[in-house]
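A structural walkthrough
Here are the chains, one letter per residue:
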Amino acid sequence: MSRAYLLGAGVELSQPLFIIEKSTNANVVHYDAVITPDGGLNPRQPIIAYWVMAAEDGRREDLTPAERRKAFGFTIVHGWDANSYHLRLVAQQQRDIYVRRNGNSVRAETLIAGRCAYLTKIYVKVHKVLALPRIEFIELFGSDSATGEPVCERVRF
């Protein structure tokens, strides 16, 4: 059974897909699937992204317009059926992520270390060059979709 959270007055639920952590602080971006009362993905807004401000008081905060355009935003288009979508992160345009409903759960699936895997976390290692943040590498974490075995891949920039 999937873990779900109420969005509003009990009309829709959300299910966690994956998170993005950064080396700069403990704040985390969460990506959740929005589930309709009948159990499908909301066709108007199937995925939401937001901050959990863990470095501060743990509150939830929307992404800013600049963050959506340049760093943590995404595009999403319908897949081959009503319960699948193709998601592309703004900062990782070359990486295909497929969001699919499978039984009672919704998963984000991508290639990690050459294996088809359920994505759970992206870690971004940032360092400063002349006071400007630069990405040194990202690490993708998940589990092999066939075996359940943990998988990880480091991508250098």
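Quantities reported herein were computed from a predicted structural model and do not represent experimental measurements.

**Here's the deal with the packing of aromatic side chains**
- Overall, the coordinates contain four aromatic pairs when judged by the stated rule.
- Between Phe18 and Tyr31, the aromatic rings sit 4.6 Å apart at their centres with planes inclined by 10°, giving stacked as the arrangement. Residue Phe18 is found in strand β2 (residues 12–22), and its partner Tyr31 is found in strand β3 (residues 28–35); the two are separated by 13 residues along the sequence.
- Here Phe18 falls in the buried class, since its relative accessible area comes to 2%.
- Here Tyr123 and Phe137 contribute two aromatic rings whose centre-to-centre distance is 6.4 Å and whose plane-to-plane angle is 45°, an arrangement assigned as tilted. One end of the pair, Tyr123, is in strand β10 (residues 115–129); the other, Phe137, is in strand β11 (residues 132–144), with 14 residues separating them in the sequence.

**Remarks on the confidence of the model for the chain**
- Chain-level pLDDT for the chain is 90 on average; 92% of the residues reach the 70-or-more range.
- Across residues 1–6, confidence stays below pLDDT 50; counting only partners more than four residues off in sequence or on other chains, it has 15 contacts.

About the cut-offs
- The residue numbering used here restarts from 1 in each chain and proceeds along that chain's sequence as written.
- Local features in a predicted model are, by the rule used here, given only for residues with pLDDT of at least 70; side-chain atom pairs are given and counted only at 80 or more, and totals for whole chains, interfaces and linings are based on all residues.
- By convention in this description, side-chain values take in all heavy atoms of the structure and omit both hydrogens and water.
- Only rings of Phe, Tyr and Trp enter the pairing, Trp through its six-membered ring, and a pair is recorded when the two centres are within 6.5 Å. The plane angle decides the type: under 30 degrees is stacked, over 60 is edge-to-face, the rest tilted.
- Numbering goes from the N terminus for both helices and strands, where a helix is a DSSP run of H or I of at least four residues and a strand is a run of E of at least two.
- Each residue is placed in one exposure class: buried if its accessible area under a 1.4 Å probe, protein chains only, is under 20% of its type's maximum, exposed if it is over 50%, and partly exposed if it falls in between.
- How sure the predictor is of each residue is captured by pLDDT, a score from 0 to 100.
- By definition in these notes, contact holds between two residues if any of their heavy atoms fall within 4.5 Å.

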